[in-house]
Amino acid sequence: MDASEPIAADDMQSTPALAGVGSRTPAAPRPGAQPTPAAATARLDVDPSVAWLLSADHALRLRAAPLRRQGRKVVLGMLDPSDVESADEASMLIGAPVLVQGLDQPAFDAILRSSYGTTAAAMGQRLGGASPSDDESLISNLEAVEADDLHRMAEQPSLINLVNLLILEAVRARASDIHVEPFERTLCVKYRIDGVLVEQPSPPKNLQAAITSRVKIMGGMNIAERYAPQDGHVTLRYEGRKIDIRVSTVPTLYGESVVMRILDKESVRLDLTSLGMRQPDREDMARLTRLAHGMVLVTGPTGSGKTTTLYAALTMIADPTKKVLTIEDPVEYELPGVNQVPVNPKRGLSFASGLRSILRQDPDIIMVGEIRDAETAEIGVRAALTGHLLFSTLHTNNAPSAIGRLLDMGIEPFLLSSVLEGILGQRLGRRLCVHCTRPEPVDDGLRARLSPSELRLFEGDRTHAGQTSGGHVHYLGAGCDECDGTGYRRRVGFYELLSITSSLRAAIGQRLPAHELLRAAGPSFVSMRGDGLMKAASGETSVAEVFRATQDTLEGAAAAANSIASGATHLSEGAR
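This text gives an overview of the structure that appears in the document. This is a predicted model, so every value here is computed, not measured. (Residues numbered from 1 in each chain as written. Predicted model: local features only at pLDDT ≥ 70, side-chain atom pairs only at ≥ 80, totals over all residues. Heavy atoms only, no water.)

## Quick word on the layout of surface pockets
Taken as a whole, the second largest pocket spans an internal volume of roughly 700 Å³. Along its surface, the second largest pocket is lined by 19 residues, and Asp231, Gly232, Arg246, Asp329 and Pro330 are the ones closest to its centre. The set of elements that each furnish at least two residues to the lining of the second largest pocket consists of strand S7 (230–238), strand S8 (241–252) and strand S9 (255–264). Looking at the lining of the second largest pocket element by element, the count peaks at four residues for S8. Within the lining of the second largest pocket, the residues separate by chemical class into eight nonpolar, four polar and seven charged. (1 Å grid on protein atoms, 1.4 Å probe; cavity = no way out; pocket = protein on both sides within 12 Å on 5 of 7 lines; lining within 4 Å. Points joined across faces, edges and corners; volume = space filled by probe spheres on them. Helix = DSSP H or I, 4+ residues; strand = E, 2+ residues; numbered from the N terminus. Nonpolar A, V, L, I, M, F, W, Y, C, P; charged D, E, K, R; others polar.)

Pasting the structure below:
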């Protein structure tokens, strides 16, 4: 790639290596584990001296790597041995005929790491060189860099590969966000993996301006503007799948803080079962999607998976006789058969104005990405009153609080009670790694944080992952290669679904507070904490994760204890 050419998002595939995240000490291999580079090259009889025949850029693009010489020919390992065009191009680049040998993905990745391998940290150290001894001089130099110099630094091929590798490692680690944080003497890189920030080996401080500028160029942002927040967007392809990255920069004391939100559209399964929703809640959600009109809300903080849950609900409809329209900021996943409208404030398209326009499109089902203000709330309620089924999200701590939030926005109680059909509150917690989960007895500290009805969920003989245990037992992850020693891999949802009954409608009409609404919900209501503890009892997650995600408040404990004691006892038997 010529450094003078405009930078395209797909240039990410020119990264010279596919490396693991950071620099961890590998544990002992297990059967079925991904081979180490040394083991893979030994098993496949790879000659490292032939790697130079094909550059790293070409190896990645063609998904091929030279393995060894065989007479006048070169044995070429390929992920797709039937790709004749790629084999012919590799032969031309190598300058010799090739014999194609098929490789599976783990072996191919291991060979790439062995032949071309590096990590973002190692590449950054090489590019940064020795750190300047005068830190104050370094900071002042960062402030004095001109815009033209920033553009030139960001266009350097090695710097391009470094930023590409930072993104590649994050995608391979299943990270949802990349944080590049400037401090006085360091530049810190962190990946948010399964909801938790994990610090990575970071590049030198003197590469800060160049890395930030390169990210801003990729996102179509103004690199000369360093003292105002900016937003950008990058679309790229990785291993054949489309990945969107939303870029945000904010000026801080020591430079711009950069956050990249990774939206890997094809890695998310949009069904409620894979998200971790229990069967009773799935059946209630299915009933809500079949309604002819009304309002269904999903609540929770930012990053709790609200939009993904709504997408999963919309995929349950899959009815060509219904017109489905959404207005979102931004459109995170493309849904087949659904007309999706992105919010564009610069062009005057907000949630409120977009919702007005959507109502003139004769929709049956509408999804509004978020109810942010009173105007959007009022239009949404009117839409639900006039024969439309409307889905949306609210930022509240739990399901009952959504009712108070809408009333505070000025919605009349009698209108809200007539259109509201269901409210789903949710959080995300880390799922225990299936490869290293083990039972542990419930200690006194944990007993003190559980009510008697909650503690009963963890008693009795249960079998999990082939291990049978008795007494009061919960589960923990020991840590292994599959989960990078954390004991957790991927996430699971904790849900509470408030179905609007006649008694709840009456309570809403009387503007009763949240604790009175919970009483009116009846014994079938299970709180997020209660739902999470049932999953902890079955070995899906840990009790600590439930407490962390649901904040382990006394109110939450009381609500969970009440729901489990009054209506969810039979679920504890299923959890065993």
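From this point, the narrative continues.
## Notes on the packing of aromatic side chains
Throughout the structure, instances matching the rule amount to one aromatic pair. Measuring from centroid to centroid gives 5.6 Å for tyrosine 311 and tyrosine 333, while their planes differ by 85°, and the two rings are edge-to-face. Here tyrosine 311 is found in helix H12 (residues 306–317), whereas its partner tyrosine 333 is found in the loop between strand S11 (324–328) and strand S12 (339–342), with 22 residues between them in sequence. Residue tyrosine 311 is classed as buried on the basis of its relative accessible area, which comes to 0%. When its relative accessible area of 8% is taken as the criterion, tyrosine 333 is described as buried. (Phe/Tyr/Trp six-rings, centres within 6.5 Å; stacked < 30°, edge-to-face > 60°. Buried < 20%, exposed > 50% of the residue type's maximum accessible area, 1.4 Å probe, protein only.)

## With respect to the nonpolar core
The nonpolar side chains of soluble globular proteins are, as a tendency, buried together. Membership of the largest hydrophobic core comes to 40 residues, with the highest contact counts inside it found for Met295, Leu297, Ile403, Leu406 and Leu420. Of the residues forming this core, the biggest block, five residues, is contributed by helix H14 (residues 374–385). With near-sequence residues (within four places) excluded, isoleucine 403 lies in contact with Leu416, Leu420, Ile423, Leu498, Ile508 and Leu517. Of all hydrophobic cores here, the second largest spans 32 residues; its members include Leu162, Leu168, Met221 and Val234. (Core = buried A, V, L, I, M, F, W, Y, C linked by side-chain atoms within 4.5 Å. Contact = heavy atoms within 4.5 Å.)

## What to know about the pattern of salt bridges
Taken as a whole, this structure holds 20 salt bridges when the rule is applied. Of the charged contacts, one joins aspartate 531 and arginine 278 as a salt bridge, the two residues approaching to 2.6 Å between their closest N and O atoms. With aspartate 531 in helix H21 (residues 528–537) and arginine 278 in the loop between helix H10 (272–275) and helix H11 (279–289), the pair connects residues that are 253 residues apart, well separated along the chain. The exposure class of arginine 278 is buried, given its relative accessible area of 12%. Of the charged contacts in the structure, one is a salt bridge between glutamate 516 and arginine 519, with a shortest N-O distance of 2.9 Å. Taken together, the residues glutamate 516 and arginine 519, both in helix H20 (residues 514–521) and three residues apart, mark about one turn of the helix. (Salt bridge = Lys/Arg side-chain N within 4 Å of Asp/Glu carboxyl O.)

## Some details on the sheet that holds S8
Spatially, S6-S5-S4-S9-S8-S7 is the arrangement adopted by the six strands of the open sheet, whose pairing is antiparallel. At either margin of the open sheet sits one strand with a lone partner, and together these are strand S6 (196–200) and S7. Taking each pair of neighbouring strands and ignoring which way they run, the sheet shows an average axis angle of 20°. Pairing analysis gives ten bridges linking S8 to S9, with the strands arranged antiparallel. Paired with threonine 252 across the two strands is glycine 255, which belongs to S9. Across the sheet, helix H9 (residues 208–218) lies against strand S4 (175–182), strand S5 (187–193), S7, S8 and S9, angled at about 45° from S9, the strand it touches most. (Pairing = 2+ DSSP bridges. Axes fitted to C-alpha atoms, helices over the stretch in contact; angles between N-to-C directions.)

## A few points about the sheet that holds strand S2 (residues 73–78)
Overall, mixed pairing links the three strands, which are arranged S1-S2-S3 in an open sheet. Either end of the sheet is taken by a strand with one partner, and the two such strands are strand S1 (64–70) and strand S3 (98–102). Taken pair by pair, the neighbouring strands of this sheet meet at an average axis angle of 30°, ignoring direction. Bridge analysis of S1 against S2 gives six bridges, and the strand direction is antiparallel. For alanine 65, the partnering residue across the bridge sits in S2 and is glycine 77. Running over the sheet, helix H3 (residues 84–94) touches S1, S2 and S3 and is turned about 135° from S2.

## A look at helix H19 (residues 502–509)
Buried residues of H19: Leu504, Ala507 and Ile508, and no others. Taken down its axis, H19 places every buried residue within 100° of arc, on the same side. Elements that come into contact with the buried residues of H19 comprise helix H15 (401–408), helix H16 (413–419), strand S15 (420–432), strand S20 (488–499) and H20. Positive phi shows up at arginine 511, right after H19, with a value of about 55°. (Arc of directions from axis to C-beta.)

## Quick notes on the packing of helix H13 (residues 351–359) against H14
The N-to-C vectors of H13 and H14 enclose an angle of 20°; their axes lie 8 Å apart at closest approach. As far as their axial angle goes, H14 and H13 are roughly parallel. In the packing of H13 onto H14, the handedness of the crossing is left-handed. Packed against H13, whose contacting residues are Phe351, Ala352, Leu355, Arg356 and Leu359, the element H14 presents Glu375, Thr376, Ile379, Gly380 and Ala383 at the interface. Classifying every residue of the contact of H13 with H14 by side-chain character gives six nonpolar, two polar and two charged. (Parallel < 35°, antiparallel > 145°, perpendicular 65-115°, else oblique. Left-handed = near helix turned anticlockwise from the far one by under 90°.)

## Topic: unusual backbone geometry
The linkage connecting aspartate 329 with the following residue, proline 330, adopts the cis geometry, with an omega of -10°. Along the chain, proline 330 falls in the loop between S11 and S12. Even without being glycine, arginine 63 reaches a positive phi, approximately 55°. Looking at the element boundaries, arginine 63 is found in the loop between helix H2 (56–62) and S1. Judged by relative accessible area, which is 33%, arginine 63 ranks as partly exposed. Its identity is not glycine, yet arginine 511 carries a phi of approximately 55°, on the positive side. Of note, arginine 511 is situated in the loop between H19 and H20. Judged by relative accessible area, arginine 511 falls into the partly exposed class, the value being 47%.

## Some details on the pairing of strand S14 (residues 389–394)
With six of six residues buried, S14 is to be regarded as a mostly interior element. The alternating pattern of S14 places Leu389, Phe391 and Thr393 on one face and Leu390, Ser392 and Leu394 on the opposite face, and all of these are buried. Note: strand S10 (residues 294–299) against S14, six bridges, orientation parallel. Pairing of valine 296 across the sheet is with phenylalanine 391, part of S14.

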